[in-house]
Amino acid sequence: MQIKETKIADVLMITPRRFEDERGVFSEVYNATALADYGVRLEFIQDNHAFSARRGTLRGLHFQPEPYSQTKLVRCVRGAILDVAVDIRPESRTYGQHVKAVLSEDNWDQLLIPKGFAHAYLTLTDNAVVLYKVDQPYAAQHQGGLIWNDPDLAIDWGDVKDIELIIADKDLALPRLRDLTSHID
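All values reported here derive from a predicted model rather than from experimental measurement. (Residues numbered from 1 in each chain as written. Predicted model: local features only at pLDDT ≥ 70, side-chain atom pairs only at ≥ 80, totals over all residues. Heavy atoms only, no water.)

1. Quick look at the overall build of the protein chain
Basically, it comes down to this: Helix and strand labels come from DSSP, where a helix needs a run of H or I of at least four residues and a strand needs a run of E of at least two; each type is numbered from the N terminus. Only protein chains enter the area calculation, which uses a 1.4 Å probe; residues under 20% of their type maximum are buried, those over 50% are exposed, and those in between are partly exposed. Any pair of residues with heavy atoms lying within 4.5 Å of one another is described as a contacting pair. Only the protein chains shown count as cover for residues, and all accessible areas are computed by the Shrake-Rupley method using a 1.4 Å probe.
Along the backbone of the protein chain there are two helices and 14 strands. With the principal axes as the frame, the protein chain shows a C-alpha extent of 55 × 40 × 30 Å. Counting only residues that meet the buried cut, the protein chain has 50% of its 185 residues in that class. Of the contacts formed within the protein chain by residues at least 6 apart in sequence, a portion of 81% connects residues at least 24 apart. As presented, the protein chain carries roughly 9,800 Å² of accessible surface, and 48% of it is formed by carbon and sulfur atoms.

2. Describing the packing of aromatic side chains
The following threshold applies: What counts as a ring pair is set by centres within 6.5 Å for rings of Phe, Tyr and Trp (its six-membered ring), and what kind of pair is set by the plane angle: stacked under 30 degrees, edge-to-face over 60, tilted for all other angles. Any Lys NZ or Arg CZ found within 6 Å of a ring centre and within 35 degrees of that ring's normal is scored as a charge over the ring.
Throughout the structure, instances matching the rule amount to two aromatic pairs. Aromatic side chains Y30 and F44 sit 5.5 Å apart centroid to centroid with 70° between the ring planes, which places their arrangement in the edge-to-face category. Taken together, the residues Y30 in the loop between β4 (24-27) and α1 (32-37) and F44 in the loop between α1 and β5 (46-52) connect sequence positions 14 residues apart. According to the relative accessible area criterion, Y30 is partly exposed, its value standing at 26%. Residue class for F44 comes out buried when judged on its relative accessible area of 16%. Of note, K133 hangs over the ring of Y30, and the distance from its end group to the ring centre comes to 5.2 Å.

3. Notes on the pairing of strand β2 (residues 12-15)
Our working definition: Pairing between strands is defined by DSSP: at least two bridges between the two strands are required.
Of the two faces of β2, the one lined by L12 and I14 and the one lined by M13 and T15 are each fully buried. In terms of strand pairing, strand β1 (residues 2-5) meets β2 through four bridges, oriented antiparallel. Following the sheet pairing, Q2 is matched in β2 by T15. Between β1 and β2, which pair antiparallel in sequence order, lie six residues. Examined bridge by bridge, β2 and strand β10 (residues 110-113) share three bridges and lie antiparallel to one another. What sits directly across from I14, in β10, is Q110.

All quantities given are derived from atomic positions and should not be read as evidence of function.
Shown next, in the form of structure tokens:
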């Protein structure tokens with residue numbers, strides 16, 4: 001398992017080793033000991049599975065404030081997504097900055113997104129399947145978010161002009177980072 005820091009040191013890119021032969025592929029996609037050896041100690045309590053039928057589905061930017069905040073380990077097992085994590089920790093030197101990565105069934109890359117980040121992904125293919133582990137349960141009454149196209153975040157989602165974006169109404173009503181207060185409540 002290869003673990004690399006991204007431009008925001010707390011967000012990690014994890015690439016599992018794959019063993020291929022005429023039978024197919026085997027991979028160890030999660031190893032708590034390997035992460036602990038890297039200095040990351042987590043206890044994941046839930047696995048989530050999301051299916052998006054159409055290319056252009058945008059989910060997020062979502063987060064849960066403390067004490068409900070979640071660490072996520074995200075992977076795409078069918079299709080491809082553009083995965084984005086935005087630092088919303090007010091005391092962080094990278095506050096408001098983001099990391100993005102293409103996760104796909106071809107590259108097997110995973111993104112480890114720590115507590116204190118808003119998370120979103122855009123499906124780059126039809127029939128995308130995303131699996132992710134979390135270390136805290138979903139708390140619907142404590143969910144927060146940011147609008148996906150906040151100009152202050154300047155997230156380059158790629159060429160979305162020719163894609164019909166599919167975004168939940170609740171996500172279209174999310175605030176900009178500068179108007180955010182719930183992450184510090």
